[in-house]
Amino acid sequence: QVQLVESGGGLVEPGGSLRLSCAASGSFFSIAVMGWYRQAPGKERELVADITSGGTPNYAASVKGRFTISRDNAKKAVYLQMNSLKPEDTAVYYCYMRDNHWGQGIQVTVSS
């Protein structure tokens, strides 16, 4: 069993910043890729960023240069620093751990 709990979402103005955190707990049988997905209203869930156990990041083109993913394995945590936020970043953001472990989702809303 793995539980993933997100925090740090909220409502911000365009150009603002938020930092999402995901705390993992439970049983870990191996070090795994972790990441963030998001789902906007009426849209399919999409990958935002992920990061390997060794710290190698991968970003969606839409967020590259604005978002930074990081992890702290000792704390069983993954983070997403989001800068220069745009209205199109509005979505529910989900923490993910391979394979098939998901957080409950946290709302990020960027006003326009």
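A brief structural summary. Note that the structure is a prediction, hence the values are computed from the model and not measured. (Residues numbered from 1 in each chain as written. Predicted model: local features only at pLDDT ≥ 70, side-chain atom pairs only at ≥ 80, totals over all residues. Heavy atoms only, no water.)

Quick look at the state of the cysteines now. By definition, a disulfide links two cysteine residues through a covalent bond between their sulfur atoms. Taken as a whole and judged by the stated rule, the model has 1 disulfide. Residue Cys22 pairs covalently with Cys95 via a disulfide, S to S 2.1 Å. The sign of the S-S torsion, about -85 degrees, decides the handedness of the disulfide formed by Cys22 and Cys95: left-handed. Here Cys22, found in strand S3 (residues 18–26), pairs with Cys95, found in strand S9 (residues 91–97); they are 73 residues apart in sequence, far enough to count as distant. On the accessibility criterion, Cys22 (1% relative accessible area) is buried. (Disulfide = S-S within 2.5 Å. Helix = DSSP H or I, 4+ residues; strand = E, 2+ residues; numbered from the N terminus. Buried < 20%, exposed > 50% of the residue type's maximum accessible area, 1.4 Å probe, protein only.)

Residues Phe67, Ile69 and Arg71 line the buried face of strand S7 (residues 67–72), whereas the alternating positions Thr68, Ser70 and Asp72 sit on a face that is not buried. Judged from the 6 bridges that link them, S7 and strand S8 (residues 77–82) form a sheet pairing that is antiparallel. Bridge pairing links Arg71 to Val78 in S8. The turn joining S7 and S8, which pair antiparallel and follow one another in sequence, is formed by 4 residues; a positive phi near 55 degrees is taken by Lys76. (Pairing = 2+ DSSP bridges.)

Once that is clear, we can look at the sheet that holds S7. Read from one edge of the open sheet, 4 strands run S1-S3-S8-S7, paired in antiparallel fashion. Both outer strands of the open sheet, strand S1 (2–7) and S7, are each paired with one neighbouring strand and no more. This sheet shows a mean twist of 15 degrees between the axes of neighbouring strands, independent of strand direction. (Axes fitted to C-alpha atoms, helices over the stretch in contact; angles between N-to-C directions.)

In this section: the pattern of salt bridges. The full count for this structure, using the stated rule, is 3 salt bridges. Measuring nitrogen to oxygen at the nearest pair gives 3.0 Å for the salt bridge that ties Asp89 to Arg38. With Asp89 in the loop between S8 and S9 and Arg38 in strand S4 (residues 34–39), this pair connects stretches of sequence that are 51 residues apart. Arg38 carries the same exposure label as Asp89, and that label is buried. One salt bridge connects Asp89 with Arg66, and the closest N-O pair in it is separated by 2.8 Å. Taken together, the residues Asp89 in the loop between S8 and S9 and Arg66 in the loop between strand S6 (57–59) and S7 connect sequence positions 23 residues apart. For the pair Asp89 and Arg66, a shared accessibility class is recorded, and that class is buried. Among the charged side chains, a network of salt bridges with common partners joins Arg38, Glu46, Arg66 and Asp89. (Salt bridge = Lys/Arg side-chain N within 4 Å of Asp/Glu carboxyl O.)

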